[in-house]
Amino acid sequence: MDDMIEKSAMRKIYIRLLPFAILSYFLAYIDRINGSFAALTMRGDLGLSATAYGFAVGTFYWGYFIFEVPSNVVMEKVGARIWIARIMITWGILAGVTAAVVGETSFGVVRFLLGSAEAGFFPGIVLYFTYWFPSYHHARIVSGFLIGLPFAVAAGAPISTALLGLDGMWGLKGWQIMYIAEGVPTVLIGIVTLFVLTDKPEQAKFLTVEEKAWLSAKLASERKAKETVRVFSMLQGMFDLKVLLLALNYFGIVVASLGVLFFVPQIIQSIGATSNMTIGWLTMIPYISGAIGLVVWGFVSDRMNERRWNLLGACAVSTIGLIIAGMTMGSWWAMVGLSIATFGFYGSKGPFWSMPPMFLTGTAAAASIAWINSIGNLGGFFGPWYVGVVKDLTGSYSGGLYGLAFLCVISAVVCALFLDIPDPVGQGTVVHSEAD
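The rules behind each value
- Starting from 1, residues in each chain are numbered consecutively following that chain's sequence as written.
- In view of the model being predicted, local features appear only for residues whose pLDDT reaches at least 70, and side-chain atom pairs are presented and counted only at 80 or more, with totals across whole chains, interfaces and linings using the full set of residues.
- Heavy atoms throughout the structure, all of them, feed into the side-chain values; hydrogens and water do not.
- Under the DSSP-based scheme used, a helix requires at least four consecutive residues in state H or I and a strand at least two consecutive residues in state E, with every element numbered from the N terminus.
- Atoms counted for the radius of gyration: C-alpha only. Globule rule: 2.2 Å times residue count to the power 0.38.
- The buried label goes to any residue with under 20% of its type's maximum accessible area, the exposed label to any with over 50%, and the partly exposed label to all in between, with areas taken from a 1.4 Å probe on protein chains only.
- Whether two residues are in contact is decided by their heavy atoms: any pair within 4.5 Å suffices.
- Only the protein chains shown count as cover for residues, and all accessible areas are computed by the Shrake-Rupley method using a 1.4 Å probe.
- Counted charges follow a simple rule, with Lys and Arg positive, Asp and Glu negative, and His plus the chain ends left uncounted.
- We put the charge of a Lys on NZ, of an Arg on CZ, of an Asp on CG and of a Glu on CD.
- Note on geometry: axes are lines fitted to C-alpha atoms, helical ones only across the stretch in contact, with angles between N-to-C directions running from 0 to 180 degrees.
- Relative orientations are named as follows: roughly parallel for angles under 35 degrees, roughly antiparallel for angles over 145 degrees, roughly perpendicular for angles from 65 to 115 degrees, and oblique for any other angle.
- The handedness criterion is simple: a crossing whose near helix is rotated anticlockwise from the far helix by less than a right angle is left-handed, and one whose near helix is rotated clockwise is right-handed.
- In this analysis, the expected span of each helix is defined as 1.5 Å times one less than the number of residues it contains.
- Bend, at a single residue, is the angle you get between axes fitted to the 7 residues ending at that residue and the 7 residues starting at it.
- We define a nonpolar core as any set of buried Ala, Val, Leu, Ile, Met, Phe, Trp, Tyr and Cys residues linked to one another through side-chain atoms lying within 4.5 Å.
- A pair is scored as a salt bridge if a Lys or Arg side-chain nitrogen falls within 4 Å of a carboxyl oxygen belonging to Asp or Glu.
- Only centres within 6.5 Å qualify two rings of Phe, Tyr or Trp (six-membered ring in Trp) as a pair; their planes then separate them into stacked at under 30 degrees, edge-to-face at over 60, and tilted for everything else.
- Either the NZ atom of lysine or the CZ atom of arginine qualifies as a charge over a ring when it sits within 6 Å of the ring centre and within 35 degrees of the ring normal.

(A) Fine view of the overall build of the protein. A tally of helices and strands in the protein yields 19 helices and zero strands. Computed over the C-alpha atoms, the radius of gyration of the protein is 21 Å, within 12% of the 22 Å expected from 2.2 N^0.38 for a compact globule of 436 residues. The dimensions of the protein, computed from C-alpha atoms along their principal axes, are 60 × 45 × 35 Å. Out of the 436 residues in the protein, the part that is buried amounts to 61%. Sequence separation of at least 24 residues holds for 85% of the intrachain contacts in the protein that already meet a minimum separation of 6. Summing over all exposed atoms, the protein offers an accessible surface of approximately 15,600 Å²; the carbon and sulfur share of this is 70%. Across the protein, the mean location of the 26 positive side-chain charges is 2 Å away from that of the 25 negative side-chain charges.

This is how it looks when you write it as structure tokens:
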């Protein structure tokens, strides 16, 4: 009987929450990375060097870093429905305001404000999932949610480059039209959030009484198992050695991932593609690979109920892909390397984000998940800036890719030697739920 209730409840929750989460993250990443496509014409219009562009783009992540933990702690107190809506509305407005920038300084300031507005969205959703999903669903649901990321790059590439082609409409540059057109939907979905999200399972009108009772009991038993081992305060959680090591691992992967992401269109342009629309379509290839990595690795990690070695494998694949891309830069084989690297980057997400909830609960989980994400996402500043500097110094992207590969090696070493995190809920035991 419990198996039938579980299967029914989890199906309803997946259908209710996952499509909305994917759409919202799709919009988040469109608004976050559209600068990589805008750069195809924006850099020339505003007179930005690769270094200046990489620095300005990266200021987003300083705002993200500063406000990430406070935002997630507030969400844990006031509820996801109101706070996620606030985040989406403010970042949508600022995404549109990017159309008004006139140089490096104004571009950097708006990017910083955009990061401040969006801070807390990703860790907030990860935390929100822990309110609704038992532990053996965590890699799948996080991977499913994050599918919006590579899809945003893949689908956003032709959309963004098509909008660039509207140069001159209403007296605006193509990149200005792109920023405005891609900011408006986020504001609208932010308003819809107020009517779609439910803060906790006990409030869910789409679940039966029996389904609510089963889910509440299941989540309570998992929480009790974790708290029997240790209860962390907010600061104890943030500065626990395991949390800091997770942040270090994530920093390496994010530096590499975003160092590639913001320069993929320009790398493709350097290989020989000349049409912005062609570049947009070709940019889809590595991120379709990333989407496959997300789904496959999240499913495998949950079926094995194993996180650490799956994460290590993803770090290794990322390293290999970056080395191949660096060695073959200037030829179309570099696209193969980038596709292998993105398979690893995004394949790491499900196993990785299943690890913090293995030992953290409550406010400690809220703060620590945000803390890990904020430290990791400083890589969004250093990655593009570093690749831009190396490109300006050497005239090639190869050196930058080798440096990013080295960071993936560091992430792999951290995982192999230090991320042995026991799971009191049942790590190491394969769980095959009827809801699978």
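(B) Layout of the packing of helix α11 (residues 241–261) against helix α17 (residues 362–377). Running from N to C, α11 and α17 point in directions that differ by 40 degrees, and their axes come no closer than 7 Å. Classified by the angle between their axes, α11 and α17 sit oblique to one another. Note that α11 runs across α17; the crossing there is right-handed. Contacts from Val 243, Leu 244, Leu 246, Ala 247, Tyr 250, Phe 251, Val 254 and Leu 258 in α11 reach Ser 368, Trp 371, Ile 372, Asn 373, Ile 375, Gly 376 and Asn 377 in α17.

(C) Structural view of the packing of helix α5 (residues 121–130) against α17. Interhelical geometry of α5 versus α17 gives an angle of 140 degrees and a closest axis separation of 9 Å. Overall, the two elements α5 and α17 adopt an arrangement that is oblique. The hand of the α5/α17 crossing is right-handed. In contact with Phe 122, Pro 123, Val 126 and Leu 127 of α5, α17 contributes Ala 365, Ala 366, Ile 369, Ala 370 and Asn 373.

(D) Inspection of the environment of Leu 18 at higher detail. Locating Leu 18 in the fold gives a position in helix α1 (residues 2–46). Taking the relative accessible area as the measure of exposure, Leu 18 reaches 17% and is therefore buried. Put simply, Leu 18 and Val 142 are 124 residues apart on the chain and 9.3 Å apart in space, counted from C-alpha to C-alpha. Contacts of Leu 18, omitting those with residues within four sequence positions, involve Ile 13, Ile 141, Gly 144 and Phe 145.

(E) Main features of helix α13 (residues 276–304). With 29 residues, α13 should reach 42 Å at 1.5 Å per residue; the first-to-last C-alpha distance of 43 Å fits that figure. The largest bend along α13 reaches roughly 30 degrees and is located at Pro 286. Following α13 by one or two positions, Asn 305 has its phi on the positive side, about 50 degrees.

(F) Spotlight on the nonpolar core. Among the nonpolar cores identified, the biggest contains 140 residues, and Phe 121, Trp 132, Phe 145 and Leu 322 are the most heavily contacted of them. Ranked by the residues each element gives to this core, the list is headed by α1, at 20 residues. Setting aside anything within four residues of it in sequence, one finds Phe 145 in contact with Leu 18, Ala 21, Ile 22, Tyr 25, Phe 121, Phe 122, Ile 125 and Phe 129.

(G) Layout of the pattern of salt bridges. Tallied over the entire structure, the rule returns five salt bridges. Residue Glu 211 is joined to Lys 12 by a salt bridge in which the shortest nitrogen-to-oxygen separation is 3.0 Å. Note that Glu 211 is positioned in helix α9 (residues 209–229) and Lys 12 in helix α1, a separation of 199 residues in sequence. A residue is classified by how much of its surface remains accessible, and Glu 211, at 4% relative accessible area, is buried. Given a relative accessible area of 28%, Lys 12 falls into the partly exposed group. Ionic pairing is found between Asp 302 and Arg 307, a salt bridge with its closest N-O pair at 2.9 Å. Taken as a pair, Asp 302 and Arg 307 share a single burial class, namely buried. A single network of salt bridges, built from pairs that share partners, joins Arg 140, Asp 302 and Arg 307.

(H) Highlighting unusual backbone geometry. Backbone geometry places Trp 170, a non-glycine residue, at a positive phi of 55 degrees. Summarising the element assignment, Trp 170 is placed in the loop between α7 (148–164) and α8 (174–196). Phi is positive for Asn 305, close to 50 degrees, though the residue is something other than glycine. Structurally, Asn 305 is set in the loop between α13 and α14 (308–327). According to the relative accessible area criterion, Asn 305 is buried, its value standing at 4%.

(I) Up close: the packing of aromatic side chains. Here the structure, examined in full by the defined rule, presents 23 aromatic pairs. Aromatic side chains Tyr 14 and Phe 133 sit 5.0 Å apart centroid to centroid with 65 degrees between the ring planes, which places their arrangement in the edge-to-face category. Residue Tyr 14 is located in helix α1, and its partner Phe 133 is located in the loop between α5 and α6 (138–146); the two are separated by 119 residues in the primary sequence. Overall, Tyr 14 belongs to the buried group, its relative accessible area being 19%. For Phe 133, a relative accessible area of 0% puts it in the buried group. Geometrically, the ring pair formed by Phe 129 and Phe 145 is edge-to-face, given 5.6 Å between the ring centres and 80 degrees between the ring planes. Pair noted here: Phe 129 is in helix α5 and Phe 145 is in helix α6, with a separation of 16 residues, a long-range link. In this structure, Phe 129 and Phe 145 share a single accessibility class: buried. One aromatic cluster is present, formed by Tyr 14, Tyr 25, Trp 91, Phe 121, Phe 122, Phe 129, Phe 133, Phe 145, Tyr 250, Phe 352 and Trp 353 through successive ring pairs. Across from the ring centre of Trp 83, 4.4 Å away, lies the NZ or CZ of Arg 86, which sits over that ring.

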